[in-house]
Amino acid sequence: VQDPVALTFDGDGRIWVVEMRGFMPTIDGAGEDSETGRISVLEDTDGDGRVDKSTVFLDRLVLPRAIALVKGGVLVVASSKLWFAEDTDGDGRADKTTLIDPDYALRGNIEHQPNGLMPALDNWIYNAKSQYRYRFIDGQWIKQRTEFRGQWGITQDNYGRLFYNVNDSQLRGDVTPPGYIGRNANYKCGNGLNLAIATNQHVFPIRMNTGVNRGYRPDVLDAAGRLREFTAACAPVIYRGDNFPIEFQGNAFVCEPGANLIKRNIVFEQDLKISSRYAYPDHEFLASTDERFRPVNAYNSPDGTLYVVDMYRGILQHRAYMTTHLRNEILSRGLDKPINLGRIHRIVSTKKTPGKRPSMSQESSTALVEHLSHPNGWWRDTAQRLLVERGDKSVVPALVELALKAPNALGRIHALWTLEGLKPLTPVPLLQALEDREPKVRVAAVRVLESLCTENQSWQTSVVRRFAKLADAAEPEVQFQVALSLGNFAAPEVLPILARIAGRNADNSLIRDGIVSSLQNRELDFLKLLIANPQWAIRGPGRESLCQTLASAVVKGRHAASIETLLELIGREQSEAAWQRKSLLTGLAENARNEHWEPVMLDVEPPAFQRLGRSDDSTVRDLLEKAKTLFEWPGHGSRRPMVQNAAPLTADEKELFNLGKEKFQITCAVCHGMNGEGMVPLAPPLVNSGWVLGPEQRLARIVLHGLEGPIHVNGIKYEPPLTLKDMPALETMDDETLAAVLTYIRREWNHQSTPVLPGVIAKIRRETAQRQTPWTESELLQMSN
């Protein structure tokens, strides 16, 4: 095994390993685009727990980074593309490759490219550092946009909830299932996503860690030269095996290759909240004195143990971030050699014998159904995947029986999702699962029934009516899922059910957001339904916030008739619900912050504005003045600020702009987004940022030496968990490249700032040559240029 970075197990327990043998062949990364990567299959032929046979399945790959076994073949990520490789003649080597997605990843810095390819409980394949998921349906690969998640590595728990991390935040995750919260174009939020499950980032290495970026800073290492906090957190895995003691079940293990260790976190859940604490207060689950111990991935295995992928090398950082400090550390201790090593560790409990080796490829579909209740999560996942891939609907009755009557709740959940993948002829038998004694089974049943009804309108009415019974469920997680799922149904009964859920849970911000996410272009009808209810005349926790959000969403929908109706609601004369008026007006006015808003044209000034203008409440009058800027009518302008047009770019400046666009997409977009809007939890937005549009000398300092947060952008304070703690220095880029990137971001997205020339970068580089630490916001603001 050489430079392993990822692995997976097939149905017979063989290990398929991704070997990234082209990663940093030298300290300058020379030759990293060579075709040296490969996929190898490792086998333990005598059953002693040690691999004794290796076969190269696929080679001549450029920087392969992820793998998944599907449909009799292998999904592989290499050359930033997603491929499907098959062995059609049975000799153990791939002889056919099909390009699935040429745009799986951006070119450039491999530290910031998508990875993972994790088959999840919901039958989709998810990725870290990506906004896309994949699924094989009716003979075609489907690529679907989802929420952006993490940096390197992705995992799931027993209920299909996704967990991931970024380099300085060791464990993050979602309580909201994929595909719901961001679907309402009139209301964007990330509630329930990208939550900091672990808020403690301290680590306890057992050796010096000076060979990390920023190791020269006093806050990074302790007095003994050991890393204080996570700096390269990656590859979280939720333990779901059956070899470790019961108290390990559901624990999260996180790799920290920069500190040569693996941390164990105990994960807790209460209602709709997930949190964690360290398993050990002052030491780690696994730590090494070997500086080349680089755990970069971890996995549940068929025998219930935990497997760790150890890349085992000195250089961990990609050349894009090879700072002077790091280069000196590497060369002084010879960490650049040797290369092409690597190990895979199997961690086994001393109290229990590992489970048997599987042979699922030879088993009948009926036998696979039995594995859906296995105590080891790997067996349940693999059996489900194989059943869905086989498409054998003869086992549907057995699956229905299991979904409704299995003594094991996890077995019932997997049976439900296997049925979702097989698409049975009718969902009627599964309606009984909505009455399951376990709330998580009911949640799964709601999601599965929602999926099965998507393509069959005739089933929707009966399913929605059964959902209505869950609107009064005692468990918030059940009500939350019903609120989310109802957004994918058009039945008229949907809004009254959502109103019942809102009446019980207006004080729960997550459920409020779930409700609004289900209301695209139905926000006004829902708002009218609430206001018509006499109980909503009473002010209650969360009600103001919900009404405000709904009003804001109506305005963002930009339907003139709906906006006029909203204005009539705001101008009502009823005094007993004054809090409603103020909430609705606040929701209307908050859109005035958007400098790119195109005013809505009205024939006359709304009577509501005239009435509210005579209000005795100064707050109402202030909100009204803000709201008026969103509209225009005869005699009234919106008074929007005018964008100043800069001089057109010269031919040379256009070349610089085009170069900057290319480099930005390769290096910067992985954190700031292709559209410059930023990505939580990596980086703040660049669009309309004063840091981008302000003095070029200040911007040059940021890219040359980095920036340490917190930092304010467009009135919002960015610091963890909204963003990483700091932006790394880009000093390894030459003057022309840096000038090109800065020119691009100062003229893209309707920006009109002056271009930045290479001479400016060269001048600032000379003036700040002795600086080793990143800039802070206060330092930069004190500069005149």
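The structure displayed is predicted, hence computed values, not measured ones. (Residues numbered from 1 in each chain as written. Predicted model: local features only at pLDDT ≥ 70, side-chain atom pairs only at ≥ 80, totals over all residues. Heavy atoms only, no water.)

Further remarks concern the overall build of the protein. Helices and strands together make up the secondary structure of the protein, namely 22 helices and 31 strands. Across its three principal directions, the C-alpha atoms of the protein cover 85 × 75 × 50 Å. By the burial criterion, 56% of the 785 residues in the protein qualify as buried. A fraction of 63% describes how many contacts in the protein between residues 6 or more apart in sequence connect residues 24 or more apart. Distance between charge centres in the protein, computed from 92 positive and 96 negative side chains, equals 2 Å. (Helix = DSSP H or I, 4+ residues; strand = E, 2+ residues; numbered from the N terminus. Buried < 20%, exposed > 50% of the residue type's maximum accessible area, 1.4 Å probe, protein only. Contact = heavy atoms within 4.5 Å. Lys, Arg positive; Asp, Glu negative; His and termini not counted. Charge placed at Lys NZ, Arg CZ, Asp CG, Glu CD.)

Once that is clear, we can look at unusual backbone geometry. The amide bond that connects K337 to the next residue, P338, takes the cis arrangement and shows omega of -5 degrees. Here P338 lies in the loop between α1 (324-333) and β24 (343-347). Here the bond from G709 into P710 is cis, since omega is 5 degrees, no more than 30 degrees from zero. Within the secondary structure, P710 is located in the loop between β27 (707-708) and β28 (711-713). Positive phi, close to 50 degrees, is recorded for D138, a residue that is not glycine.

On the basis of which strands lie adjacent, the open sheet formed by 4 strands has the order β1-β2-β3-β4 and antiparallel pairing. Pairing within the sheet leaves two strands with one partner each, and these edge strands are β1 (4-9) and β4 (53-61). Taking each pair of neighbouring strands and ignoring which way they run, the sheet shows an average axis angle of 20 degrees. Strand direction decides the pairing type here: strand β2 (residues 15-19) and strand β3 (residues 37-43), joined by 5 bridges, are antiparallel. Counted as the bridge partner of W16 is V41 from β3. (Pairing = 2+ DSSP bridges. Axes fitted to C-alpha atoms, helices over the stretch in contact; angles between N-to-C directions.)

On to the pattern of salt bridges, then. The tally for this structure, following the rule as stated, stands at 43 salt bridges. Of the charged contacts, one joins R447 and D122 as a salt bridge, the two residues approaching to 3.6 Å between their closest N and O atoms. Placement of R447 in helix α6 (residues 439-453) and of D122 in the loop between β9 (115-119) and β10 (125-128) is noted, with a sequence separation of 325 residues between them. Here R447 and D122 have matching classes, each one buried. Connected through shared salt-bridge partners, D157, R161, E269, K440 and E477 make up one network. (Salt bridge = Lys/Arg side-chain N within 4 Å of Asp/Glu carboxyl O.)

Here we come to the packing of aromatic side chains. Summed over all chains, the structure comprises 19 aromatic pairs. With a centroid separation of 4.9 Å and 70 degrees between ring planes, the pair formed by W16 and F57 is classed as edge-to-face. Remark: F57 occurs in strand β4 and W16 occurs in strand β2; sequence separation between them is 41 residues. A single burial state applies to W16 and to F57, both of which are buried. Both rings, one in F248 and one in F253, keep their centres 6.5 Å apart while their planes meet at 5 degrees; by these two values the pair is stacked. Assessed through its relative accessible area of 11%, F248 is described here as buried. We classify F253 as buried; its relative accessible area is 1%. Put simply, the rings of Y239, F244, F248, F253 and F285 touch in pairs and so form one group of aromatic residues. Positioned over the ring face of W536 is R543, at 4.4 Å from the centre of the ring. (Phe/Tyr/Trp six-rings, centres within 6.5 Å; stacked < 30°, edge-to-face > 60°. Lys NZ or Arg CZ within 6 Å of the ring centre and 35° of its normal.)

On to the side chain of E777. Counting through the fold element by element, E777 comes out in helix α22 (residues 777-781). K717 provides the closest opposite charge to the buried, salt-bridge-free E777, at an N-O distance of 7.8 Å. In this structure the side chain of E777 is engaged in a polar contact, spanning 2.6 Å, whose partner is the backbone nitrogen of H712. With sequence-adjacent residues up to four places away left out, E777 is seen in contact with W691, L707, E708, P710, I711 and H712. (Polar contact = N/O pair within 3.5 Å; in protein donor to acceptor, adjacent residues only side chain to side chain.)

Here we take up empty space enclosed by the protein. Tallied over the entire structure, the rule returns 4 cavities of 30 Å³ or more. The calculated volume of the largest cavity comes to roughly 340 Å³. Those elements giving two or more residues to the lining of the largest cavity turn out to be β20 (273-278), α5 (409-422), α6 and α8 (476-486). For the lining of the largest cavity, the element with the most residues is α6, which contributes 4 residues. Classifying every residue of the lining of the largest cavity by side-chain character gives 13 nonpolar, 3 polar and 9 charged. Taken as a whole, the second largest cavity holds about 50 Å³ of empty space. Taken together, A120, L121, D122, Y126, Y159, G160, L162, P178 and R447 make up the full set of residues lining the second largest cavity. (1 Å grid on protein atoms, 1.4 Å probe; cavity = no way out; pocket = protein on both sides within 12 Å on 5 of 7 lines; lining within 4 Å. Points joined across faces, edges and corners; volume = space filled by probe spheres on them. Nonpolar A, V, L, I, M, F, W, Y, C, P; charged D, E, K, R; others polar.)

We now examine the nonpolar core. One broad trend across soluble globular proteins is that nonpolar side chains are buried collectively. If you look at the biggest cluster of nonpolar residues, it comprises 170 residues, and the most contacted ones within it are F526 and L588. No other element matches α6, which puts 9 residues into this core. Within the second largest apolar cluster, 28 residues are counted, among which are F657, M733, Y744 and V756. (Core = buried A, V, L, I, M, F, W, Y, C linked by side-chain atoms within 4.5 Å.)

To continue, consider helix α3 (residues 377-390). Each full turn of the α-helix corresponds to 3.6 residues, which orients residues three or four apart in the same direction. With 14 residues, α3 should reach 20 Å at 1.5 Å per residue; the first-to-last C-alpha distance of 20 Å fits that figure. Among the residues of α3, G377, W378, W379, R380, T382, A383, Q384, R385, L386, L387 and E389 are the ones counted as buried. Elements that come into contact with the buried residues of α3 comprise β1, β5 (66-70), β22 (295-300), α2 (365-371) and α5. Of the residues that open α3, the one with a side-chain oxygen 2.9 Å from the backbone nitrogen of W378 is N376. Remark: G391 follows α3 within two positions and exhibits a positive phi of approximately 65 degrees. (Expected span 1.5 Å × (residues − 1).)

Another aspect to go through is the sheet that holds β27. Spatial strand order, β30-β27-β31: 3 strands in an open sheet with mixed pairing. Strands with a single pairing partner mark the edges of an open sheet, and in this sheet they are β30 (726-727) and β31 (775-776). When β27 meets β30, the two strands line up antiparallel, connected through 2 bridges. Looking at β30, one finds that L707 is bridged to M727.

Look at α5 against α6: their axes get within 9 Å of each other, and the N-to-C directions meet at 5 degrees. The angle between α5 and α6 places the two elements in the roughly parallel class. Of α6, the residues touching α5 (which contributes A409, R412, I413, L416, W417, L419 and E420) are K440, V441, A444, A445, R447, V448, S451 and L452. The residue inventory of the contact of α5 with α6, partitioned by class, reads 10 nonpolar, 1 polar and 4 charged. (Parallel < 35°, antiparallel > 145°, perpendicular 65-115°, else oblique.)

For R746, the position within the fold is in helix α20 (residues 735-747). For the buried residue R746, which engages in no salt bridge, the nearest side chain bearing the opposite charge is E696, 4.5 Å off. When sequence neighbours within four positions are dropped, the list of residues in contact with R746 reads V692, L693, G694, P695, E696, L699, H751, Q752, S753, T754 and V756.

With that settled, consider the environment of L42. Counting through the fold element by element, L42 comes out in strand β3. On the basis of relative accessibility, which here comes to 6%, the residue L42 falls in the buried class. For L42 and T366, which are 324 residues apart along the polypeptide, the C-alpha to C-alpha distance reads 28 Å. Not counting residues within four places of it along the chain, the set of residues in contact with L42 comprises V1, R14, I15, V17, V51, K53, S54 and I344.

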